[in-house]
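This is what each chain is made of:
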Amino acid sequence: MKSRALTLSLLSLTAILALTLLACRGGIDEGETSLDPGRTLWYEQPAERWTETLPLGNGRLGMMLGGSVDRETVILNDISMWSGSPDTTAWDTDASRYLPAIRQALIDGDNLRAQQMMNDHFVCGGLGSAYGRGNGKPYGSFQLLGNLELDFGENENEPITHYRRSLNLSDAITELRYTQGEVTYLRQSFASHGSDDLLVIHLTASKRGSISLTASLSRPESVDHRTVSDGGFLTMEGQLPDGFGGKNGVTYHTLAQFIPKGGTMATSNNDKSLTVTNADELLILVASETSLLPASEPLETQLAKASKKGFNSLLKDHRERYKEKFDRVDLRLGDGTIPSESSQLPTDQRLALFQEDEDPLFAELYFNFGRYLMISGTRAGSLPLNLQGLWANDTQLPWNGDYHLNINLQMNYWPAEVCNLSDLHRSLLDFTSELVPSGERTAKVFYEADGWVTHIITNPWYFTAPGEDASWGATNTGGAWLMQHLWQHYDFTRDLDYLRANYATLEGAARFFLSSLIRDPKHGWLVTAPSSSPENGFFLPNSSDRTPVFVCMGPTMDSQLVRELLSNYIEASELLGIESGHVAAAREALPQLAPNQVSDKGYLMEWLEDYEEIEPTHRHVSHLYGLYPGDQISTHHTPELAEAAKVTLNRRGDAGTGWSRAWKACFWARLKDGARVHKLLKSLLQPAMLPDGRAQGGTYPNLFCAHPPFQIDGNFGGTAAIAEMLLQSQDGFIELLPALPPQWQEGSFRGLCARGGVEVELEWRDGKPVRATFSTKLPSTEFKLRSPDTGEIASYTLAKGKPVTLKW
């Protein structure tokens, strides 16, 4: 290993010296010559698969680059590239007529009959999500914007040396450097976070006249699609299918401008392509918009302004805007001395070695990559992060690339508050408010209930009805889970104006359950019915029929969610000084909800009855919602339930899809078991690609999470788990290093957030805090801290600009 590392170091030093000399000759920017192993992804070869390409994004537009020397396919993305269109057929049903009979079957213990009636009468009208094949149907699918093909031609006589492609998380820029013959090439790319709102690619070389390429824009499967090359511009426009065979789909318009210095430029391929020959350098600017999410000004105006600025000015503006968010948090794992040998290797090699090697800087890199993906994937005024964030390489994505509301969409935003990206939470929170009118209609059509409800899936057309199969589509607490995010945003920021503005949304969600809960016949508890424990089923007791059953009354997760919703609704009303009959009803209903139950075998029960699960190791662990992201199960306040949660998790096992492993890491962080969290992080960071080309749960070479296939929620869940290891505040006080693993004995962080509007800076040695600083941006706030020495809890008052520092 040492000899290999030495060889790599010498090669790197040689490349750096060569690039420095070339920079002095004026043909290529010197750029960064050192790579921070906690903030840089880098590779020694081009991508062979999409899950090896590097993502860039600004919350609306994005691109994926693979670093090919001969022919680069830049995959372009727009978060609003959705096929389909608004569809009222989901409500073309007389489902509410059958609701009493379905509920009676559940009361009688005949869950199978209830499930059959639901599949016959209590699913959405129309096609629903088309079972995850929604492109071409009204539900639609998220999809790529198109491909920008850059054909550099082949030069087999000149070998490629000193190849390196990288993504710097500190400034959200990709670089490709390589030498061919006597010429060194550099490509720098970014999705501008500045006012320009563009995709930018800049090509330079150490020798003048060395930049030549042919460029074209293309995309599959569109209505009235056309591409044109004219006067240094490539244009692509068209319309996505609306699902009805009409022309009401989302329209898109993409404009790419090519600005060479030196050389010549001409159209080619019957005005479909553009050829640049022997330029000294080339700047490519890509502007795009859709009818669903238009740009702030005409694309031609955007490009005219940006082209006058030039590359350096565009880059400066981008860096400043991006770093304002990224630099809010700084995590350093290790003692700050010389990094390990493995941390100096390319990212794909570090990923492969992480299972055996203790490389805290790789965990640091993964944490920073999660923050990077959130900053790059969404922003206020945009759509929420979907199953793939904003990145796609096809027109029909797995599960339509939509918003799954039984964990996946919510997991995307778990790091938002604790990782100091509260403003990015707004894309989800605003979208939630926009769901309300559709959810009100669904509540009436299916339940004849007040308020609003949404089930397991949704899309930009605000689909809120049950899914097309009761086995997964019956869960009706998607809206309740979204309300946790509304409350968390308030709890971390203490923004009463925000809470007041969104109180009606919170109240509407509570009113649905207050008007739809029924009493279970055995205990008289108030429960949801019909519903399900997401995607997990059971066998009916004392029955020879082994048909899987999913439909039930009052699954544990539902009771936890409704308890949390009503509690937050009541507290919000008290904070805002609002009293009403609905608030009184919530106070009356709250103690009558079904409690958490522990089975005779010591685990937390998933249903009202201790049914035999179809799959005891199922990827969902929904009945532990109250442990994380909820706070009803606590090692401090409910130790008996915490012990039951441990039994549950050991029974479930550590394996699973990528996002499932991330969730389990969060669970064990709340259970204060740092070693187990670290074990699960290693499992999450297991290489996803197998030698035969198949994929397993874990992490792809570009650090995207593998379900498989790619699903971005696991990245955010893993980031949240690392934050939970270092800081927790859900129990009414701040706890420092609550789940620190033995491998992270030294380190520091700055900028993580606790509930109550508190920011925390911490340094630790030998696994123990030595210095902590607490600050706030609020005029004043109070917080409680559990002493890392004695466990005693003390109260402190903070004022803006007057931090409190403690030492141990």
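Residues numbered from 1 in each chain as written. Predicted model: local features only at pLDDT ≥ 70, side-chain atom pairs only at ≥ 80, totals over all residues. Heavy atoms only, no water.

Novice: Looking at this structure, how should I read the overall build of the chain?
Specialist: Helix and strand counts for the chain come out as 21 helices and 33 strands. Over its C-alpha atoms the chain spans a radius of gyration of 27 Å, differing by no more than 12% from the 28 Å that the globule rule assigns to 808 residues. By principal-axis analysis of the C-alpha atoms, the chain measures approximately 80 × 70 × 55 Å. By the burial criterion, 62% of the 808 residues in the chain qualify as buried. Counted over contacts in the chain with a minimum sequence separation of 6, partners at least 24 positions apart contribute 68%. Carbon and sulfur atoms make up 49% of the accessible area of the chain, which amounts to about 29100 Å² in all. The positive charge centre, built from 71 side chains, and the negative charge centre, built from 99, are 3 Å apart in the chain. (Helix = DSSP H or I, 4+ residues; strand = E, 2+ residues; numbered from the N terminus. Rg over C-alpha atoms; globule rule 2.2 N^0.38 Å. Buried < 20%, exposed > 50% of the residue type's maximum accessible area, 1.4 Å probe, protein only. Contact = heavy atoms within 4.5 Å. Areas by Shrake-Rupley, 256 points an atom, 1.4 Å probe, with all protein chains shown as cover. Lys, Arg positive; Asp, Glu negative; His and termini not counted. Charge placed at Lys NZ, Arg CZ, Asp CG, Glu CD.)

Novice: Looking at this structure, I do not really get the pairing of strand E9 (residues 199-205). What am I missing?
Specialist: Regular strands show a simple pattern: their side chains alternate between the two faces of the sheet. The element E9 is largely enclosed, with a buried count of 7 among its 7 residues. Here E9 shows no split at all, with Leu199, Ile201, Leu203 and Ala205 on one side and Val200, His202 and Thr204 on the other all buried. Note: E9 against strand E16 (residues 281-290), 6 bridges, orientation antiparallel. Each residue of the ladder has a partner; that of Val200, found in E16, is Leu285. (Pairing = 2+ DSSP bridges.)

Novice: For this particular structure, what's the right way to read helix H19 (residues 658-670)?
Specialist: Residue pairs spaced three or four apart in an α-helix point in one direction, given the helix's 3.6 residues per turn. Over its 13 residues, H19 runs 19 Å from end to end, which matches the ideal 18 Å to within 8%, given 1.5 Å per residue. Within H19, 13 of the 13 residues are buried, which leaves the element mostly enclosed by the surrounding structure. Just past H19, the residue Lys672 takes up positive phi, approximately 65°. (Expected span 1.5 Å × (residues − 1).)

Novice: Can you help me understand the packing of aromatic side chains in this one?
Specialist: The description of an aromatic ring pair rests on the distance of the ring centres and on the angle between the ring planes. By the definition in use, this model includes 33 aromatic pairs. An angle of 55° between the planes, with centres 6.0 Å apart, marks the rings of Trp50 and Phe704 as tilted. Here the residue Trp50 occupies a position in the loop between strand E1 (40-43) and strand E2 (54-57), and Phe704 occupies one in the loop between strand E24 (698-699) and strand E25 (705-706), the gap between them amounting to 654 residues. Relative accessible area serves as the criterion here: at 0%, Phe704 is assigned to the buried category. Consider the rings of Tyr322 and Phe326, whose centres lie 5.7 Å apart with planes at 20°: the pair is stacked. (Phe/Tyr/Trp six-rings, centres within 6.5 Å; stacked < 30°, edge-to-face > 60°.)

Novice: For this particular structure, what's the right way to read the packing of helix H15 (residues 503-514) against helix H17 (residues 581-589)?
Specialist: If you want to describe how two helices pack, look at the angle between their axes and the distance between the axes. Running from N to C, H15 and H17 point in directions that differ by 50°, and their axes come no closer than 10 Å. On the basis of their axis angle, the class for H15 and H17 is oblique. Classified by chirality, the crossing of H17 by H15 is left-handed. Here H15 contributes Tyr503, Glu507, Arg511 and Leu514 to the contact with H17, which in turn contributes His582, Val583, Ala585, Ala586 and Ala589. When grouped by side-chain class, the residues that make up the contact of H15 with H17 number 6 nonpolar, 1 polar and 2 charged. (Axes fitted to C-alpha atoms, helices over the stretch in contact; angles between N-to-C directions. Parallel < 35°, antiparallel > 145°, perpendicular 65-115°, else oblique. Left-handed = near helix turned anticlockwise from the far one by under 90°. Nonpolar A, V, L, I, M, F, W, Y, C, P; charged D, E, K, R; others polar.)

Novice: Can you help me understand the packing of helix H13 (residues 478-493) against H15 in this one?
Specialist: H15 packs onto H13 with a crossing angle of 150° between their chain directions and a minimal axis gap of 10 Å. Considering the angle they form, H13 stands roughly antiparallel to H15. As for how H13 packs across H15, the hand of that crossing is left-handed. Each of Ala480, Met483 and Leu486 in H13 lies in contact with H15, whose residues at this interface are Thr505, Leu506, Ala509 and Phe513.

Novice: Would you take a moment to explain the pattern of salt bridges for this structure?
Specialist: Opposite charge on two side chains permits them to pair, given that their charged atoms come into close proximity. One pass over the full model with this rule turns up 46 salt bridges. With a closest N to O distance of 3.2 Å, Lys682 and Glu358 form a salt bridge. One end of the pair, Lys682, is in helix H20 (residues 674-684); the other, Glu358, is in the loop between helix H6 (347-353) and helix H7 (360-377), with 324 residues separating them in the sequence. Here Lys646 ties to Glu643 by a salt bridge, and the two come within 3.2 Å at their closest N and O atoms. (Salt bridge = Lys/Arg side-chain N within 4 Å of Asp/Glu carboxyl O.)

Novice: Can you walk me through the sheet that holds strand E15 (residues 273-279) in this structure?
Specialist: Whenever strands of a sheet pair, they do so through backbone hydrogen bonds, lying parallel or antiparallel. Strand order in this open sheet of 7 strands is E2-E3-E4-E5-E10-E15-E14, and the pairing throughout is antiparallel. Each edge of the sheet is formed by a strand with only one pairing partner; in this case those strands are E2 and strand E14 (264-268). Neighbour-to-neighbour, the strand axes of this sheet turn through a mean angle of 20°, independent of strand direction. Where E2 and strand E3 (residues 61-65) come together, 4 bridges link them in antiparallel fashion. Opposite Gly57, over in E3, you have Gly62 as the bridge partner.

Novice: Just checking my understanding: could you explain the confidence of the model for the chain for this structure?
Specialist: Interpreting fine coordinate detail is not advised for predicted regions of low pLDDT. Chain-level pLDDT for the chain is 93 on average; 95% of the residues reach the 70-or-more range. Across residues 1-27, confidence stays below pLDDT 50; counting only partners more than four residues off in sequence or on other chains, it has 25 contacts. (pLDDT = per-residue confidence, 0-100.)

Novice: How should I be thinking about the nonpolar core in this particular structure?
Specialist: One recurring pattern in soluble globular proteins: nonpolar side chains tend to sit buried together. Grouped together as the largest cluster of nonpolar side chains are 221 residues, with contacts concentrated most on Leu148, Phe258, Leu726 and Phe774. If you tally residues by element for this core, the top one is H7, at 10 residues. Not counting residues within four places of it along the chain, the set of residues in contact with Leu726 comprises Leu331, Glu735, Leu736, Leu737, Pro738, Leu740, Trp744, Phe749, Leu752 and Trp764. In terms of nonpolar packing, the next biggest core, distinct from the first, is built from 15 residues, Phe190, Ala295, Ala306 and Leu315 among them. (Core = buried A, V, L, I, M, F, W, Y, C linked by side-chain atoms within 4.5 Å.)

Novice: Any chance you could explain unusual backbone geometry here in plain terms?
Specialist: Leave glycine aside and you will find that most residues have negative phi; peptide bonds, for their part, are mostly trans. Between His707 and Pro708 the backbone carries a cis peptide bond, its omega angle lying at -10°. Mapped onto the elements, Pro708 comes out in the loop between E25 and helix H21 (713-726). With phi around 55°, Trp399 is a residue other than glycine that occupies positive phi space.

Novice: Which parts of the structure should I look at to understand the environment of Gln257?
Specialist: Position of Gln257 among the secondary structure elements: in strand E13 (residues 251-261). Note on Gln257: relative accessible area 12%, which makes it buried. Setting aside its immediate chain neighbours within four residues, Gln257 contacts Gly232, Phe233, Leu283, Ile284, Leu285, Leu303 and Ser307.

Novice: Please explain the side chain of Gln711 as it appears in this structure.
Specialist: Checked against the element boundaries, Gln711 lands in the loop between E25 and H21. Judged by relative accessible area, Gln711 falls into the buried class, the value being 4%. Apart from residues lying up to four places away in sequence, Gln711 is in contact with Leu387, Trp399, Asn408, Trp659 and Cys705.

Novice: Explain the environment of Asn412 to me, please; I cannot follow it from the model alone.
Specialist: Mapped onto the elements, Asn412 comes out in helix H8 (residues 408-412). Judged by its relative accessible area of 2%, Asn412 is buried. Taking C-alpha positions, Asn412 is 8.9 Å from Pro384, a pair spaced 28 residues apart along the chain. Every residue in contact with Asn412, bar those within four places of it in the chain, is listed here: Met374, Leu385, Asn386, Ile712, Asp713 and Phe716. Here the side chain of Asn412 touches Asn386 through a polar contact of 3.1 Å, landing on its backbone oxygen. (Polar contact = N/O pair within 3.5 Å; in protein donor to acceptor, adjacent residues only side chain to side chain.)

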